[in-house]
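Analysis of the macromolecular model
One letter stands for each residue in the lines below.
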Amino acid sequence: MKCLAALFFCFLMCFFQAEQAQGATLTLDGEAQLSYARTLYESGDYISAVVEFKRFLHFFSDDVRVSEARYLTGLCWMNGGRYPEALQVFKDISSKIPEDPFAVDAGFMTARCHEKTGNPLLGAVELQNLIRGSKDESVKERARYALAWLYLDTGSWGMARQTLSTMDQGSRSLYPVDQILAGLDKTPEIPRKNPVVSGALALVPGAGYLYCERPKDALVSFIINGGLIYSAIRSFKRDDYALGGVVSFVGFGFYAGSIHGSVTAAHKYNRAQARRFIEDLKKSLPVTVGLIPPSRKGAGIFLSLEY
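These remarks concern the structure in this document. Keep in mind it's a predicted model, so treat the numbers as computed, not measured. (Residues numbered from 1 in each chain as written. Predicted model: local features only at pLDDT ≥ 70, side-chain atom pairs only at ≥ 80, totals over all residues. Heavy atoms only, no water.)

In this section: the nonpolar core. Residues Leu127, Trp149, Leu164 and Ile180 are the most contacted members of the largest nonpolar core, which totals 29 residues. Here this core takes ten residues from helix α8 (residues 137-153), the largest share from any one element. Membership of the second largest hydrophobic core comes to 26 residues, among which are Leu40, Phe53, Phe56 and Ala69. (Core = buried A, V, L, I, M, F, W, Y, C linked by side-chain atoms within 4.5 Å. Buried < 20%, exposed > 50% of the residue type's maximum accessible area, 1.4 Å probe, protein only. Helix = DSSP H or I, 4+ residues; strand = E, 2+ residues; numbered from the N terminus.)

Here it is, written out as structure tokens:
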């Protein structure tokens, strides 16, 4: 009898626990959800952070922090190297939701995404739109500074100088405009190779590459082209015109390729020297507040040597 009573008691306990489990509901807390997403973002787990920010946006669409979550979603994509996805988020914020408190920041990030995806001209257009459309002078100055750096990164020294020169004196305490302008005075000192000269020298196999300071390529070009020329001449001297014609045809392809490669080498040399100049200029500048301004409820401060 006691065993039956114990079994009955256990049955009742299991029944009540099951009823309680069925009646229980999972409650999502907006603050906890957003805090968790931020934690993932700050730890560098950007893809997981995107999932959690999207969860927040889905379940708490009326929350006052929706704008922040949407903007941080774009930053997650961008910091994770997913520039097309980031671009779409920032474009939606800056163009479709102009009243959004993060619309201006999204405009800057849109320009940065264009640059990262190899479209600096579109980035320049975005920054110029910010300059024309904003009524806030600090935003205009920030956009001019960002635009100047975009021109610097693409080697447009004159456009960079012109843009920096339009910035007012008050901004020069925030942005190292004077230091950059002083650095631009040294652009004539950047080593350069003339592509025309390089191509002309390449008429002598390997000389164009040697002019562009690529001795290994010069040696290879000299050996291959010299060997083919020698083989063609020797074949014709032996009256082996068929072999001589084939070798000449192949040799002409290598010879033309050597000339084209020498011209390309000059362009590559010039781009490398320009990039080295920019990197040296960045290292000489103080760290300044960059593309993202002081945080709004967790957006963060972006410290950069660029913009």
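Side chains that carry opposite charge are capable of pairing whenever their charged atoms lie near each other. Using the criterion set out here, one finds 17 salt bridges in the structure. As a salt-bridge pair, Asp105 and Arg142 come within 3.5 Å of each other at their nearest N and O atoms. Taken together, the positions of Asp105 in helix α6 (residues 103-116) and Arg142 in helix α8 put the pair 37 residues apart, joining distant regions of the chain. Residue class for Asp105 comes out buried when judged on its relative accessible area of 3%. It is possible to trace a salt-bridge network through shared partners that takes in Asp153, Arg275, Glu279 and Lys282. (Salt bridge = Lys/Arg side-chain N within 4 Å of Asp/Glu carboxyl O.)

Before going further, it helps to spend a moment on the environment of Leu181. Along the chain, Leu181 falls in helix α10 (residues 177-184). Of the residues examined, Leu181 reaches a relative accessible area of 14% and is grouped as buried. Remark: the alpha-carbon pair of Leu181 and Ser165, spanning 16 residues in sequence, is separated by 8.3 Å. Residue contacts for Leu181: discarding those within four places in its chain leaves Arg161, Leu164, Ser165 and Arg172. (Contact = heavy atoms within 4.5 Å.)

Attention shifts here to unusual backbone geometry. One non-glycine residue with positive phi stands out, namely Glu213, at about 65°. Position of Glu213 relative to the elements: it lies in the loop between α12 (207-211) and α13 (215-237). With a phi angle near 65°, Asp239 is a residue other than glycine that sits in the positive phi range. Looking at the secondary structure, you find Asp239 in the loop between α13 and α14 (241-283).

Counted according to the given criterion, the structure contains seven aromatic pairs. In this structure an aromatic cluster arises from ring pairing among Tyr71, Phe90 and Phe102. Against the face of Phe108 rests Arg142, its NZ or CZ located 3.7 Å from the ring centre. In this structure, Lys193 packs its charged tip against the face of Tyr269, placed 5.2 Å from the ring centre. (Phe/Tyr/Trp six-rings, centres within 6.5 Å; stacked < 30°, edge-to-face > 60°. Lys NZ or Arg CZ within 6 Å of the ring centre and 35° of its normal.)

Before going further, it helps to examine the packing of helix α5 (residues 83-96) against α6. In a pair of packed helices, the angle between the axes and the distance between the axes together describe the arrangement. Relative to each other, α5 and α6 sit at 150°, their axes nearing to 8 Å. Between α5 and α6, the interaxial angle falls into the category roughly antiparallel. Relative to α6, α5 is oriented so that their crossing is left-handed. Facing Tyr83, Ala86, Leu87, Phe90, Lys91, Ile93 and Ser94 of α5, the residues of α6 in contact are Ala103, Ala106, Gly107, Met109, Thr110, Cys113, His114 and Lys116. In the contact of α5 with α6, the residues fall into nine nonpolar, four polar and two charged. (Axes fitted to C-alpha atoms, helices over the stretch in contact; angles between N-to-C directions. Parallel < 35°, antiparallel > 145°, perpendicular 65-115°, else oblique. Left-handed = near helix turned anticlockwise from the far one by under 90°. Nonpolar A, V, L, I, M, F, W, Y, C, P; charged D, E, K, R; others polar.)

Interaxial distance between α8 and helix α9 (residues 157-165) falls to 8 Å at its minimum, and their mutual angle equals 165°. When the interaxial angle is binned, α8 and α9 end up roughly antiparallel. Note on packing geometry: the crossing formed by α8 with α9 is left-handed. Where α8 approaches α9, its residues Arg144, Tyr145, Leu147, Ala148, Tyr151 and Leu152 are matched on the opposing element by Trp157, Met159, Ala160, Thr163 and Leu164. A class-by-class count of the residues in the contact of α8 with α9 yields nine nonpolar, one polar and one charged.

Nothing here speaks to function; it is all geometry.
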